[in-house]
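If you want the building blocks of each chain, they are given just below.
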Amino acid sequence: MGKQPNLYSFPTVNDLAPGLRHYVVQAQNSGISRHGTFKVAVSGGSLPKTLAAALLPPSTAPEDTLDFSKWEIFFADERAVPLDHADSNYALLQAELLSKIPAELGAPAVHPIDVAHLDDVQEMADQYEKLLVRNFAQRDSVKLPIFDLILLGCGPDGHTCSLFPGHELLRESDAWVASIEDSPKPPAKRITLTLPVVNHAVKIAFVATGGGKKEVLKQIFEDGTGLPCALVNEGGGDRVSWFVDDAAVEGVSYPRRGSL
Ligand code: 6PG
């Protein structure tokens, strides 16, 4: 394995927000200078709320400025439900973050699932993959899309996106987007980016907070158990950064990074 993932720990979730902001703005700025846009994928769970706490406060310096007009937002995973459903990751992101972005920061281009295919989740995954192909490059000219940043959560069982421990989807090596109909976390029907796509991003960040995460973080960082989050750590090496609060890593033996 190459260099190790970075672990940034903060006393509380509130202290984590400025660090996460600094990291996201840097990823934004380098995406824009590389290709004029910032291509980011986001998960559901607690992430949209933490992201809002990081990104919505006013900027403190020119280099700390968000330019949402250059953002292309995709979903790292999404549930097969209407876009206004209580289980929709799109609806969650809309409520927590998108609807609160001040107009002067610009409006991001947001890429939700095509709800015409709610009853055929494989077709929904295929259509989302086609959307990525249109946005990133032709499928035959690139093996995998390169997101500037993928923002992930970590479930208490070590899942990330909708990639669950021991599930056959972890062995998917061809598709960019896969469907799942037996997600152990409800709702059962979802689509998800695949592990090769996650591991291919320029940067990959996990946000995990609260004491409920410490047992699984021990397994991920101390044992490298083959859990989905551990597979991202292995595949991404030092392109992976974890933003956690102290409660989530209490008792976890792994070196914390001092500064970003
Ligand atoms: C989903 C999420 C999922 C989430 C983790 C962590 O759609 O279910 O994308 O992968 O990120 O379950 O969730 P918490 O941050 O709420 O613990």
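Presented here is a report on the structure given in the accompanying data block. (Residues numbered from 1 in each chain as written. Predicted model: local features only at pLDDT ≥ 70, side-chain atom pairs only at ≥ 80, totals over all residues. Heavy atoms only, no water.)

Points about the sheet that holds strand β4 (residues 77–79)
The cut-off we apply is this: One requirement defines pairing of two strands: DSSP has to find at least two bridges between them. By the criteria applied, helices consist of DSSP H or I runs no shorter than four residues and strands consist of E runs no shorter than two, each listed in order from the N terminus. To define axes, lines are fitted to C-alpha atoms, for helices over the stretch in contact only, and angles between the resulting N-to-C directions are given on a 0 to 180 degree scale. Residue contacts follow a heavy-atom distance rule, with two residues in contact if any of their heavy atoms lie within 4.5 Å.
Taken together, the three strands give an open sheet; going across it, the order is β4-β8-β7, and neighbouring strands pair in antiparallel fashion. Looking at which strands have only one partner, the edges of the open sheet turn out to be β4 and β7 (177–180). Ignoring strand direction, the axes of neighbouring strands in this sheet form an average angle of 15°. Helix α4 (residues 121–136) contacts β7 and β8 (190–193) of the sheet and is inclined by roughly 165° relative to β7.

Digging into the environment of K185
Our working rule: We call a residue buried when its accessible area falls under 20% of the maximum for its residue type, exposed when it is over 50%, and partly exposed in between, using a 1.4 Å probe and counting protein chains only.
Among the secondary structure elements, K185 is positioned in the loop between β7 and β8. Among the residues examined, K185 registers a relative accessible area of 33% and is labelled partly exposed. Once you skip the residues sitting within four places of it in the chain, K185 turns out to touch R79, H159, F164 and R190.

Concerning helix α7 (residues 228–236)
Listed as buried for α7 are P228, C229, A230, V232, N233 and G236. In this fold, the buried residues of α7 make contact with α5 (195–199), β9 (203–208), α6 (214–223) and β10 (240–245). Positioned one or two residues after α7, G237 has a phi angle of 55°, which is positive.

A few points about the site of the ligand
Heads up, the condition is: Think of it this way: one heavy atom of a residue within 4 Å of a molecule or strand is enough to make that residue near it. Polar contacts, as used here, are pairs of N or O atoms within 3.5 Å; protein pairs need one atom able to donate a hydrogen and one able to accept it. Residues neighboring in sequence count only if both atoms are side-chain atoms. Here, Shrake-Rupley sampling with a 1.4 Å probe gives the accessible areas, and only protein chains in the shown set may cover a residue.
Around the ligand, a shell composed of 15 residues is seen, among which S46, D77, H159, C161 and K213 lie nearest. A distance of 2.8 Å separates an oxygen atom of the ligand from a polar atom in the side chain of K185. Separating an oxygen atom of the ligand from a side-chain N or O atom of R190 is a distance of 3.1 Å. For the ligand, the protein covers 91% of the area, taking 420 Å² as the surface of the free molecule.

Considerations on the layout of surface pockets
To be explicit about the condition: Each cavity reported here is a set of points on a 1 Å grid over the protein atoms alone in which a 1.4 Å probe fits but cannot get out, each pocket an open set with protein on both sides within 12 Å along at least five of seven lines, and each lining residue one with an atom within 4 Å of a point. Grid points are joined across faces, edges and corners, and a volume is the space filled by probe spheres set on the points. When residues are grouped by polarity, Ala, Val, Leu, Ile, Met, Phe, Trp, Tyr, Cys and Pro land in nonpolar, Asp, Glu, Lys and Arg in charged, and all others, Gly among them, in polar.
In this structure, the largest pocket encloses a volume near 260 Å³. Elements represented by at least two residues in the lining of the largest pocket include exactly β4 and β9. Looking at side-chain class alone, the lining of the largest pocket contains six nonpolar, ten polar and five charged residues.

Examining the sheet that holds β10
The strand order across the open sheet formed by seven strands is β1-β10-β9-β6-β2-β3-β5, and the pairing between neighbours is parallel. Each of the sheet's edge strands pairs with one partner strand only, and the pair in question is β1 (6–10) and β5 (109–110). Bridge analysis of strand β2 (residues 38–42) against strand β6 (residues 149–152) gives three bridges, and the strand direction is parallel. Across the sheet, the residue bridging to V42 is L151, located in β6. Most of the contacts of helix α2 (residues 47–55) go to β6, to which it runs at about 120°, and overall it touches β2, β3 (71–75), β6 and β9. Of the strands in this sheet, β1, β9 and β10 touch α6, which is tilted by about 145° from β10.

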